[in-house]
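Below are the chains, spelled out letter by letter.
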Amino acid sequence: MPNKILIIYPYFTPAEKAGGIVSSLGNMVTNLDNYSFYIYTSCYDLDGTHLDVRVNQWVKYSDSIQIYYSSSKDDRSIKVLLDDIVPDKVYINGIYGNKFFLKPIIALKGVKNKLIVAPRGMLHAGALKVKAFKKKLYLSIIKTSGLLKGLQWHATDEQEVKDIGKHFRHSKVILAKDTPPLQPAFATLEHSKQKGQLRLVFLSLITEKKNLMFLLELLDKHQDLKVSLDIIGPIKDLPYWEKCQPLIEKNKARVKYIGQVAPKEVVKALLPYDFFILPTLGENFGHVIFEALTAGKPAIISHYTPWSNLASMQAGFNLSLNEDEWLNQLTNLIEVDNEAYQQMAKGAQSYLVDYLKTYTPKADYQPLFG
């Protein structure tokens, strides 16, 4: 019998607005067909929209996957579900929340060897800068409580190994890469770039961590740049979005909000643009960066992601969050002609091909799930 893995996270497909963790989990349970997965999630999307699913019962998703979509009125405790399934491992995603974090940990306090927590970038320094006081207080309480002692941690890159060790010293951390599709559908390279202009797209959840304001302020200060920027993605942090509005309105001739797209439409949405751009404060993976490379879009991103050394493959640029550095790079890219651009588009896809050669999910996740 394959090991039973209970996955816990508030959002899962068909949710479309909750970002990359949903993609990670969907890819993981698809790629690791040597396990039996049980997914405990909510029946809501990020904005509170009720999903069109059967609630408060186990629903068969595939031969190896069952999903429990819990409603706000669900009165079954996580302890009852644990007793029903008797999982070999319980895999909790994220480090915040009551129903999908604290309650499962408390219910399993006697068998910590079964418990795995994947912080999903939430311990990254950039992520902790957002609402810093509340997060610092919360982490202090969690550490003092001892609730997280004795469990395993899942890190998806070397930086996350360091982040976990910094906040939870002497913890057992297992490194296993995040889970993209095994066989992405690479886009045909048909887009042409015009020398003397630059079409950029920012496609992401709109939150402070994604750092859209940095980009808007840069463009606002340099009105002479022949750059256009389209913004695509669900608005997760409304107060932050409202701060961005004056700059978007002031620069509406070249900056506009397109709205959001379904996850399956992301690659198609990227195709009309020259470059994908994301000055993020921190990503533990960055599925949209993966999708940008799939689309043949060279990526202009900060250093705070696992997608490093882009320039060496002509796949894009990793930049520090220094305004002059971004200004210089954008200025140079405006003058890139189509011939040079096509080499970069090919480089983006080649970078991803090389990455996937080192991706062995079943071997990577065996130390984590057994």
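Everything numeric in this text was worked out from a predicted model, so none of it was measured.

**Concerning helix 6 (residues 158–167)**
Okay, so step 1: Those residues of helix 6 that sit buried are Glu160, Asp163, Ile164 and His167. One side of helix 6 carries all its buried residues, which in axial view fall inside an arc of 95 degrees. For helix 6, the exposed residues lying more than 90 degrees away from the buried face are Glu158, Lys162 and Lys166.
Okay, so step 2: In this structure, the buried side of helix 6 is in contact with helix 4 (125–129), helix 5 (132–145), strand 7 (152–155) and strand 8 (172–175).

**A short note on the pairing of strand 1 (residues 4–8)**
Okay, so step 1: Among the five residues that make up strand 1, four are buried, leaving the element largely enclosed by the rest of the structure.
Okay, so step 2: Pairing of strand 1 with strand 2 (residues 36–42) involves five bridges; the strand directions are parallel. Counted as the bridge partner of leucine 6 is tyrosine 38 from strand 2.
Okay, so step 3: Crossover handedness for the path strand 1 to helix 1 (residues 20–31) to strand 2: right-handed.

**Focus: the packing of helix 10 (residues 287–294) against helix 12 (residues 338–357)**
Okay, so step 1: Remark: helix 10 packs on helix 12, axes separated minimally by 7 Å, with the N-to-C direction vectors making an angle of 120 degrees. Here helix 12 runs oblique to helix 10, going by the angle between their axes. Contacts between helix 10 and helix 12 pair Phe290, Leu293 and Thr294 from the former with Ala348, Gln349, Tyr351, Leu352 and Leu356 from the latter.
Okay, so step 2: Looking at the contact of helix 10 with helix 12 residue by residue, the class counts come to six nonpolar, two polar and no charged.

**Comments concerning the nonpolar core**
Okay, so step 1: Core analysis: the biggest nonpolar cluster contains 62 residues, and Leu229, Ile231, Phe276, Ile300 and Trp307 have the highest contact counts within it.
Okay, so step 2: Judged by nonpolar contacts, the second largest core, of 58 residues, contains Leu51, Tyr68, Phe100 and Ile142.

Cut-offs applied
The written sequence of each chain sets the order in which its residues are numbered from 1. In keeping with the model being predicted, local features are shown solely for residues with a pLDDT of at least 70 and side-chain atom pairs are shown and tallied solely at 80 or more, while totals for entire chains, interfaces and linings include all residues. Water and hydrogen atoms were dropped before computing side-chain values, which therefore reflect all heavy atoms in the structure. Partly exposed residues are those whose accessible area sits between 20% and 50% of the maximum for their type, while under 20% is buried and over 50% is exposed, using a 1.4 Å probe and protein chains only. Only runs of H or I of at least four residues qualify as helices and only runs of E of at least two qualify as strands under DSSP, and these elements are numbered from the N terminus. The reported arc concerns the directions from the helix axis to the C-beta atoms and nothing else. Only heavy atoms matter for contacts: two residues are in contact if any of them lie within 4.5 Å across the pair. Pairing between strands is defined by DSSP: at least two bridges between the two strands are required. Handedness of a crossover is defined as follows: orient the strands so they point away from the viewer, and if the path from the first strand over the helix to the second runs clockwise, the crossover is right-handed. Note on method: axes are straight lines fitted to C-alpha atoms, helices fitted across the in-contact stretch only, with angles between N-to-C directions ranging 0 to 180 degrees. Roughly parallel here means an angle under 35 degrees, roughly antiparallel means over 145, roughly perpendicular means 65 to 115, and every remaining angle is called oblique. Each residue receives one of three labels: charged for Asp, Glu, Lys and Arg, nonpolar for Ala, Val, Leu, Ile, Met, Phe, Trp, Tyr, Cys and Pro, and polar for the others, Gly being one of them. Buried Ala, Val, Leu, Ile, Met, Phe, Trp, Tyr and Cys residues form a nonpolar core when they are joined through side-chain atoms within 4.5 Å.

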